[in-house]
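Tertiary structure, described
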Amino acid sequence: MYTIDLQNKVAIITGAHQGIGLDIATLLLEAGCSCMIVDINPEIDATCNRLQESFGNKVLSIVANINNRKNCQSIVEQTIQSFGRLDILVNNAGIMRTTPFLEVTEEEWDQVMNINLKGMFFLTQFAATYMMENQIAGSIINMSSIAGRSGRPLAPHYAASKAAVISLTKSSAEAFGKYNIRSNAICPGVITTPMMDEIYERRKVLEGEDPRDTFLQRVKLNRLGSPEDVAKTALFLSSPLSEYVNGQALNVCGGYEMH
């Protein structure tokens with residue numbers, strides 16, 4: 001019988017204040033992993049305090065914006081200083097802006113790319129460097145989206161960033177696989193999160209109807225996803241159960257997209 005035991009492992013999870021990131025942190029902690037949870041929202045510290053009630057000093061928090069290289073370096077360094085090592089990087093932080101193709105501004109394009117792609121790249125760079133130098137068999141998990149598979153006319157910059165995440169994951173797998181560092185992406189479908197609630201409201205304004213029913217019609221399992229659905233996949237990719245999985249983009253969408 002297989003069990004997931006992440007005792008003595010250390011993870012960084014970005015975008016962990018709520019939603020998918022929070023559920024990933026919780027499942028990793030329950031498996032025995034120590035976690036540094038990161039978010040631009042200062043309430044990440046309150047989230048950390050709540051988690052510490054169950055997990056003690058196995059969870060710490062950093063308030064940081066990952067949109068620049070210096071902050072990414074600091075996150076990795078603080079994690080290693082606090083916990084003594086780093087085994088798992090979960091690049092979950094991301095933003096979505098629902099804006100029609102012809103209305104996307106340069107400022108909005110840069111904002112989406114800096115968070116969804118640039119931050120992910122430099123966090124991976126610093127984490128992988130540490131793992132290689134210390135001969136750690138690590139796991140890098142990047143949050144993409146099914147939007148990166150097929151495009152989104154009402155969020156073209158978001159879809160482009162998530163397609164690039166899949167490409168970056170493949171490049172990382174090629175670059176670091178020989179050091180026993182695995183890189184994989186998760187492509188969530190329609191997941192019930194606060195971010196999705198904002199998207200529903202924005203699309204209602206743009207299209208004049210609530211998109212929930214349309215989304216649900218495409219999901220073969222006949223339900224929208226939960227953050228835990230995605231978190232369980234991240235737990236698998238963090239564990240030895242996935243030790244021969246590398247360079248893959250796994251859809252977690254109930255059959256909304258099939259690749």
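Residues numbered from 1 in each chain as written. Predicted model: local features only at pLDDT ≥ 70, side-chain atom pairs only at ≥ 80, totals over all residues. Heavy atoms only, no water.

The protein chain carries the name Oxidoreductase in an unreviewed UniProt entry, which gives Ureibacillus massiliensis 4400831 = CIP 108448 = CCUG 49529 as its organism. Here is the UniProt Sequence similarities (unreviewed entry) comment for the protein chain, exactly as written: "Belongs to the short-chain dehydrogenases/reductases (SDR) family." (UniProt positions renumbered as here; feature names shortened; annotations may be inferred.)

It is worth spelling out the packing of helix 4 (residues 106–133) against helix 6 (residues 156–176) at this point. Packing of helix 4 against helix 6 leaves a shortest axis separation of 10 Å and a crossing angle of 15°. Relative to helix 6, the element helix 4 is oriented roughly parallel. Where helix 4 crosses over helix 6, the two elements pack in a sense that is right-handed. Listed contacts from helix 6 to Glu108, Trp109, Val112, Met113, Asn116, Leu117, Met120, Phe121, Thr124, Ala128 and Met132 of helix 4 are His157, Tyr158, Ala160, Ser161, Lys162, Ala164, Val165, Leu168, Ser172 and Phe176. When grouped by side-chain class, the residues that make up the contact of helix 4 with helix 6 number 14 nonpolar, five polar and two charged. (Axes fitted to C-alpha atoms, helices over the stretch in contact; angles between N-to-C directions. Helix = DSSP H or I, 4+ residues; strand = E, 2+ residues; numbered from the N terminus. Parallel < 35°, antiparallel > 145°, perpendicular 65-115°, else oblique. Left-handed = near helix turned anticlockwise from the far one by under 90°. Contact = heavy atoms within 4.5 Å. Nonpolar A, V, L, I, M, F, W, Y, C, P; charged D, E, K, R; others polar.)

Turning our eyes to something else, we now look at the pattern of salt bridges. Tallied over the full model, the rule gives three salt bridges. Between lysine 9 and aspartate 87 there is a salt bridge, with the nearest N and O atoms lying 4.0 Å from each other. Residue lysine 9 is found in the segment before strand 1 (10–14), and its partner aspartate 87 is found in the loop between helix 3 (69–83) and strand 4 (88–91); the two are separated by 78 residues along the sequence. Accessibility expressed as a relative area gives 32% for lysine 9, which makes it partly exposed. Note that aspartate 87 and arginine 85 form a salt bridge whose closest N and O atoms lie 2.6 Å from each other. Judged by its relative accessible area of 2%, aspartate 87 falls in the buried class. It is possible to trace a salt-bridge network through shared partners that takes in Lys9, Arg85 and Asp87. (Salt bridge = Lys/Arg side-chain N within 4 Å of Asp/Glu carboxyl O. Buried < 20%, exposed > 50% of the residue type's maximum accessible area, 1.4 Å probe, protein only.)

Counting through the fold element by element, arginine 182 comes out in strand 6 (residues 182–188). Although arginine 182 is buried, it forms no salt bridge, and the closest oppositely charged side chain is glutamate 243 at an N-O distance of 7.0 Å. Excluding anything up to four places from it in sequence, arginine 182 contacts Gly138, Ser139, Ile140, Leu237, Ser238, Ser239, Ser242, Glu243, Val245 and Asn246. (Lys, Arg positive; Asp, Glu negative; His and termini not counted.)

Position of glycine 56 relative to the elements: it lies in the loop between helix 2 (44–55) and strand 3 (59–63). In the structure, glycine 56 is positioned ten residues away from alanine 46 in sequence and 14 Å away in space, judged by C-alpha atoms.

What holds strands together in a sheet is hydrogen bonding between their backbones, with the strands either parallel or antiparallel. Pairing is parallel in the open sheet, where seven strands are placed in the order 3-2-1-4-5-6-7. The open sheet has two edge strands with one neighbour each: strand 3 and strand 7 (249–252). Here the average twist between neighbouring strands, direction ignored, is 15°. Taken together, the four bridges between strand 4 and strand 5 (residues 139–143) define a ladder with parallel strand orientation. Paired with isoleucine 88 across the bridge in strand 5 is serine 139. Lying over the sheet, helix 6 contacts strand 5, strand 6 and strand 7, oriented at roughly 160° with respect to strand 6. (Pairing = 2+ DSSP bridges.)

Turning our eyes to something else, we now look at the environment of glutamine 7. Turning to its location among the elements, glutamine 7 is positioned in the segment before strand 1. Judged by its relative accessible area of 44%, glutamine 7 is partly exposed. C-alpha separation for the pair glutamine 7 and glutamate 30, spaced 23 residues apart in sequence, amounts to 9.7 Å.

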